[in-house]
Structures are given as structure tokens and as C-alpha cells.
Amino acid sequence: MNRRLAPYVFVGPAMLLLATFGVFPILVAAFVSLTNMNISGLARWSNVKFVGFANYTKLFRDPDFWQALWNTVFFVGVGVPAVVLLSLAVALLLNRSGGRFFKALRAFYFVPAITGIVAISLVWSYLYNTQFGLLNFLLTSVGLKPLQWLSDPWLAKFSVGLVAVWRGTGLNIIILLAALQGIPRDYLEAASLDGANAWQRTRFVTIPLLGYALFFVTVTTLIGWLQFFDEPFVLTKGGPLGTTTSVSLFIYKEGFQQSQFGYASAGSLVLFVVIAAVTLIQLRMRRRDIEY
Amino acid sequence: MSTDRMAQRRLTLTIGVALAIGALITAFPFLWMLLSSFKPQREALDFPPTLLPVAPTVEHYVTLFRELDFGRYLVNTLLVVAISFIGLLLMAMAGYGFAKFEFRGRRWMFFLVLATMMIPVQVTMIPTFLILNSMKLTNTLAGIALPTLVSGFNIFLFRQFMTAIPNETLEAARLDGAGEMRIFFSIVVPMAVPIFAVQGVLTFIAGWNSFLWPLIIANDQKLYTLSVGLSLLNQQLAVNPSLQMAAASLMVVPMFILFAIFQRYIVQGFALSGLK
């Protein structure tokens, strides 16, 4: 093989796949969102009509979409602080000692991150079950009332969120722990000599030095919750009464259950714009971070 | 000084105990899953529940393979994993191309690689389905595997790693008359074993757990993966939790074993993904 041709042979197949399934779909979504594409359009392209921005105007008048949007705002608002603070706390504590026992404990916190969501959801549905679930047994055995974990509109949000928090912290703990171990011991010892106690050392030395890792974890967690899908999809199917339907789940339902591909594509473009905006803000802030 | 050290040690001990309790709570759902999978159906529905199975049985595991089609789902899942390893090879080749060659279009192609890292799957799922449908690939294993076959981020990681391979080594091989493909497979790949290990394990995990695309693409039960089969169990057999727990264990326990063996690579891989 010729040396000038070689790079194209190496790069070509992957780029072709990336273009087909990474870039091209955005263009298709943008186009389809301007049509009335549905199940009949899937069978024959001639059934597809151009409808301009009708899908978008319909979207912003659709109470279901607004509900999904507010649910997503709620999940972001509660989920992000919960995941970030919990991951930070566990990482700081795990970093206390490099002993074998502490190292072994890491595995326990990490393992939920590599298990499949469907299996996880079955296990949690069983725990949450109102008739024979373990959680209600624990509540009643200490004299509390049993709860409707997944069928109470408000509680369902938290129950679904809890599973995501449980699954989401492991990865962040690993990232923060790696950053913590990169902090030079000298700094902490110097602060110690100056009379700073453990809390002050953590608050004024460790956490500021974590800076970028913490920022990174916050942004990826934020984007993760903006895309929140798996847990409500398998645990509640978005119910009860749509209270756990996220924007992603709304798109999925409109697209694959109602076969309103045009309408769903409009939803996915709105989600894309939101996520792209968050990513750009992140890049901006990172640049400013470096300037200081 | 020594009382200070004792106080320090006591604090470490307290933190250790607190972390151990936290770890047990985190791991408890898995323990509950495993224990319940060995309970007879009646016992799993009992209230108050038992912790340890009173009359342990493996009947549910047998049912999964004998009466339900989990053997086939397992094979399908492994096939999806196998196809995704082809993707791994393609991404390694692309990473090498970007790392070690100057060519026309390199800049914008690499920009494309970075740009796709920002696009979430929920945004592309509808159009990707339409694209696969027009390629007549819905309801095929290839259709299940194709959308996630290559990812910008993994190409990026391969490129970062392969940039460190010395040019002299490659030039020497060229002078000896080795072809470009031969150089890739007999020099570059052996030198890149660490990154292959990390990515290989992560690819396996992602393929094993894959749910969204099998769910969207496979209409025919013959093509279901373990995840999809499992989610079906959720709808059909709400009254047999121990069967569900057995199926969940079937999916989760292999991941535990994989983690026990490859812990270092997995943790490294996830920490690397943190650089994104």
C-alpha cells in the first residue's frame, strides 16, 4: 500500500461510520423536524409533507412537553448537587488513608457504575414494591407508614432519582479521587504547620486545588441529568401522570410509541440546543479559568 | 504528640467504619438480588421478607434457559459484543492514522471526531433509526451494533496514546520494506496493548449492557439481547420476583467477575473518560 493512501485507509472506515451515525443524524433530525414524518411516511416517502415550523410551535404549546421540561429542571436541580456533594464527600473520606482496607472499599462504591440499567431497575423495583418490597418492610418494622415509592407522583421523582444517584456517584468518586491524589502532600503539611485543622485544610487547600476536576464532574453530571432517560424509562415508564417523564423520555415516547418522528425530532433538536449551550458555556468558563 | 497521633488514628478508624457502612448500603441491592434469586417464588413474595433463602433453589436459573429464551439472548449479547470489537479495531486504526500521518483533510476530520463527542444519543436516536430503516438494517444484529460501533472519544484516546510511539521505529520498519498494514498490526498494535486493554474492557461492558439500540432496532424476539429480554420479564412476570432476580444476577454477576479481574483497567479507563 502506498504511503500517501495509507492514512485514508486507516481513518476512512471509522470516519465513514462516525459521519453516518454521529453527524448525519443531526442534519436528518433538523430536516425531519420540519415535516410531518410518521409511520406512514416510514413506509413511503411520498406521504411525508413539509410543514415548516409547525412541529416547534406545537411543541411549545404542548403541556406534556412543558411538564417534561420542568421535570428535567427538577432532576437537574436535585440530582446534580446530590451526586456532586456525595461523590466529593466519599472521595475525601476515601482519600484519608492509602491502606488496603480503604482501597478495597473503593470497589464497592464504584461497582454500580458498570452494571446494566435494566438489571438494576428490576432489583430496585423489587425493593420499592409496595406489597412485598424490603423498603416498606423496614419502614413498618420501625413503626412508620409504608410509602408508595413509585406510584406517588412526588415521591416517584425522588425514588427514580435515588437510583440514578446510586449509579452515578461511582464514576465521579473515581475522577475526584484521582485528582485528590495529585495534590502535593507538601501543601497540606505546610497548612498543618501553620495551625490549620483538618476541616480548614480541606476547605481552604484541598477543595480549591480540586478546582478543575470538581468543575468537570459538575458539568458532566449536569449534562448527564439533562439527558436523564434510563431510570424513569425502566422503573416508571415516565409515570405516574407523567411526573417522571424527562425530555429524553418524551422524545422517545413521541418517536417510538406514537411514531410521530417529525414531532419527536423537533423535541430532540431543542434538547440538542440546550446541551450544546451548556457545553459551550463550559468551554468558555474553562478558558477564563486558565486566564487567571 | 502521641495523643495527637492517637486522635488521628481514631479519626481514621471512625472514617473507615463510616465508609464501610456506606459501602454495605451501596452493595446491598446486589446482595438482595443474589439472595432472592435462590428463593422459591412463594418465599420471595412473603411479607415479612426473609434475608437468607430458607429453601434455596436454582430452579429460576433453569427456567431462564429451559422455558425462556435466555440462552439465545446470551448468544445475541455476545455477538453484539463481538461486533463492537470490530469497531474497536477501526477506532484504533483511525487513532493511528490521526497520530502518525500528515494528510489532506486531517484537520477537519479530527474536528469532526471532537464534535461528535458532544452529541448525546437521545438527540440522534430518531434520525439514526430512520437511517437504519432506509438501509433495511432494522431487525438485524448489524443494525443493533452499528450506531455505537465507533465513538469520537475513543478515537481521540487512541490518538493520544499512539502519538507517543516513536517515529524512528516506524521508519525503520518501512526501510526494511514492511507494508503499512503490516507495520500497524505487528508494531503499533503490540505497543498499544495497554490502551487496547482499557478500551477492550470498557467496550465489553458497554456491549454487554447495551439496551437502547437493541430495544429500538430488534422487533423480532430472536434478536433480543439480555437487557431487552430482561425488560420484557419486567412486564410479563411481575409476580415472580425471584425469577427476575435470577435474570438480573445473570447480567450483573459476569460484570462483577470482569471487574474483579480487570479492576485496574476499568478504573483507569473511567478515570481517563474523566479527561473528556
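Parameters at a glance
- Residues numbered from 1 in each chain as written.
- Chains lettered and ligands numbered in written order.
- Predicted model: local features only at pLDDT ≥ 70, side-chain atom pairs only at ≥ 80, totals over all residues.
- Heavy atoms only, no water.
- Helix = DSSP H or I, 4+ residues; strand = E, 2+ residues; numbered from the N terminus.
- Buried < 20%, exposed > 50% of the residue type's maximum accessible area, 1.4 Å probe, protein only.
- Areas by Shrake-Rupley, 256 points an atom, 1.4 Å probe, with all protein chains shown as cover.
- Lys, Arg positive; Asp, Glu negative; His and termini not counted.
- Charge placed at Lys NZ, Arg CZ, Asp CG, Glu CD.
- Rg over C-alpha atoms; globule rule 2.2 N^0.38 Å.
- Arc of directions from axis to C-beta.
- Salt bridge = Lys/Arg side-chain N within 4 Å of Asp/Glu carboxyl O.
- Contact = heavy atoms within 4.5 Å.
- Buried area = accessible area lost by both parts, 1.4 Å probe.
- Polar contact = N/O pair within 3.5 Å; in protein donor to acceptor, adjacent residues only side chain to side chain.
- Phe/Tyr/Trp six-rings, centres within 6.5 Å; stacked < 30°, edge-to-face > 60°.
- Lys NZ or Arg CZ within 6 Å of the ring centre and 35° of its normal.
- Axes fitted to C-alpha atoms, helices over the stretch in contact; angles between N-to-C directions.
- Parallel < 35°, antiparallel > 145°, perpendicular 65-115°, else oblique.
- Left-handed = near helix turned anticlockwise from the far one by under 90°.
- pLDDT = per-residue confidence, 0-100.
- Nonpolar A, V, L, I, M, F, W, Y, C, P; charged D, E, K, R; others polar.

Engineer: Would you take a moment to explain the overall build of chain A for this structure?
Structural biologist: Broken down by element type, chain A carries 13 helices and 0 strands. In sequence order, the secondary structure elements of chain A are arranged as α-α-α-α-α-α-α-α-α-α-α-α-α. Counting only residues that meet the buried cut, chain A has 51% of its 292 residues in that class. Carbon and sulfur atoms make up 65% of the accessible area of chain A, which totals about 14,000 Å². Averaging the locations of the 22 positively and 11 negatively charged side chains of chain A gives two centres separated by 7 Å.

Engineer: Just checking my understanding: could you explain the overall build of chain B for this structure?
Structural biologist: When helices and strands are counted, chain B shows 14 helices and 0 strands. The order of α-helices and β-strands along chain B, N terminus first, is α-α-α-α-α-α-α-α-α-α-α-α-α-α. A compact globule built from 276 residues would reach a C-alpha radius of gyration of about 19 Å, whereas chain B, at 24 Å, exceeds it by more than 25%. Burial analysis of chain B (276 residues in total) assigns 52% to the buried set. When the accessible surface of chain B is split by element, carbon and sulfur atoms take 65% of a total near 12,900 Å². Mean positive and mean negative side-chain charge positions of chain B (18 and 12 charges, respectively) differ by 6 Å.

Engineer: What is the right way to look at helix 3 (residues 54-61) of chain A in this model?
Structural biologist: Residues that lie three or four places apart on an α-helix share one face, since the helix turns once every 3.6 residues. Within the span of helix 3 of chain A, buried status applies to Asn55(A), Tyr56(A) and Leu59(A). With its buried residues spanning 95° around the axis, helix 3 of chain A presents them on a single face.

Engineer: What's the story with the pattern of salt bridges in this structure? I'm lost.
Structural biologist: A side chain with one charge can pair with a side chain of the opposite charge if their charged atoms come near. Overall, the coordinates contain 6 salt bridges over all chains when judged by the stated rule. The closest approach of N and O atoms between Arg174(B) and Glu180(B), which form a salt bridge, is 2.7 Å. For the pair shown, Arg174(B) and Glu180(B) are each scored as buried. One connected set of salt bridges, linked through shared partners, spans Arg167(A), Asp230(A) and Glu231(A).

Engineer: Is there a simple way to think about the side chain of Arg167(A) in this case?
Structural biologist: Residues and elements named next belong to chain A. Following the sequence through the fold, Arg167 ends up in helix 8 (residues 153-181). When its relative accessible area of 19% is taken as the criterion, Arg167 is described as buried. Contacts of Arg167, omitting those with residues within four sequence positions, involve Pro112, Ala113, Thr115, Gly116, Ile117, Ile120, Asp230 and Glu231.

Engineer: What exactly am I supposed to notice about the interface of chain A and chain B here?
Structural biologist: One frequently used descriptor of interface size is the decrease in accessible area upon assembly of the parts. In this complex, chain A contributes 82 residues to the contact, which on the side of chain B involves 94 residues. Considering only the surface of chain A that becomes buried against chain B, Phe10(A), Phe21(A) and Tyr126(A) emerge as the three largest contributors, covering 10% of it. Inspection of the chain A/chain B interface yields 9 residue pairs in polar contact (both at pLDDT 80 or more). A total of 21 residues in the side of chain A that touches chain B trace back to one element, the largest contributor, which is helix 1 (residues 6-32) of chain A.

Engineer: When you look at the environment of Arg5(B) in this model, what are you seeing that I'm missing?
Structural biologist: Among the secondary structure elements, Arg5(B) is positioned in helix 1 (residues 2-37). When the C-alpha positions of Arg5(B) and Leu132(B) are compared, they lie 65 Å apart, and in sequence the two are 127 residues distant.

Engineer: Sorry, what's going on with the environment of Ala92(B) here?
Structural biologist: Residue and element names in this part refer to chain B. By the secondary structure assignment, Ala92 is in helix 4 (residues 70-100). For Ala92, a relative accessible area of 0% corresponds to the buried category. In the structure, Ala92 is positioned 77 residues away from Ile15 in sequence and 43 Å away in space, judged by C-alpha atoms. In this view, Ala92 contacts Phe158, Met162, Phe184 and Phe196; residues no more than four positions away in its chain are not counted.

Engineer: I would appreciate a short explanation of the packing of aromatic side chains in the present structure.
Structural biologist: Both the distance between ring centres and the angle between the ring planes are used here to describe each pair of aromatic rings. The final tally for this structure, using the stated rule, is 45 aromatic pairs over all chains. Relative to Phe103(B), the ring of Phe98(B) lies with its centre 6.1 Å away and its plane at 40°, an arrangement referred to as tilted. Both residues of the pair, Phe98(B) and Phe103(B), count as buried. Between Phe184(B) and Phe185(B), the aromatic rings sit 5.0 Å apart at their centres with planes inclined by 80°, giving edge-to-face as the arrangement. Under the relative-accessibility criterion, Phe184(B) is labelled buried at 0%. Through a chain of ring-to-ring contacts, three or more aromatic side chains come together here, namely Phe229(A), Phe233(A), Tyr252(A), Phe256(A), Phe261(A), Phe129(B) and Phe211(B). In this structure, Lys58(A) packs its charged tip against the face of Tyr263(A), placed 4.1 Å from the ring centre. Over the aromatic face of Trp32(B) sits the side chain of Lys39(B), whose NZ or CZ is 4.3 Å from the ring centroid.

Engineer: Would you mind showing me how to read the packing of helix 9 (residues 167-175) of chain B against helix 10 (residues 180-191) of chain B here?
Structural biologist: How two helices sit against one another is set out by the angle between their axes and by the gap between those axes. All names here are of chain B. Between helix 9 and helix 10, the least distance of the axes is 10 Å, while the angle of their chain directions is 130°. Looking at the two axes, helix 9 sits oblique to helix 10. Crossing geometry of helix 9 relative to helix 10 is assigned as right-handed. Contact residues: Thr169, Leu170, Ala173 and Arg174 in helix 9; Glu180, Ile183, Ile187 and Val188 in helix 10.

Engineer: Whenever I open this one, the confidence of the model for chain A confuses me. Can you help?
Structural biologist: Close reading of the predicted structure is inappropriate where its pLDDT is low. Residue-level pLDDT values for chain A average 86, and 97% of them are 70 or greater. Least confident of the elements in chain A is helix 2 (residues 39-43) of chain A, whose mean pLDDT is 75; most confident is helix 4 (residues 63-94) of chain A, at 93.

Engineer: Just to check I follow, could you spell out the packing of helix 1 of chain A against helix 10 of chain B for this structure?
Structural biologist: Where helix 1 of chain A contacts helix 10 of chain B, the two axes come as close as 9 Å, and the packing angle between them is 60°. On the basis of the axis angle, helix 1 of chain A is oblique to helix 10 of chain B. Across the interface between the two elements, Ala6(A), Val9(A) and Phe10(A) from helix 1 of chain A touch Glu180(B), Met181(B) and Phe184(B) from helix 10 of chain B. Split into classes, the residues belonging to the contact of helix 1 of chain A with helix 10 of chain B amount to 5 nonpolar, no polar and 1 charged.

Engineer: What is the right way to look at unusual backbone geometry in this model?
Structural biologist: Excluding glycine, residues mostly have negative phi values, and the peptide bonds linking residues are mostly trans. Within the chain, Lys237(A) stands out as a residue other than glycine whose phi angle is a positive 55°. Looking at the element boundaries, Lys237(A) is found in the loop between helix 11 (230-235) and helix 12 (247-257). In the Ramachandran plot, Asn139(B) falls in the positive-phi region, its phi being about 65° despite a non-glycine side chain. Along the chain, Asn139(B) turns up in the loop between helix 6 (121-134) and helix 7 (141-145).

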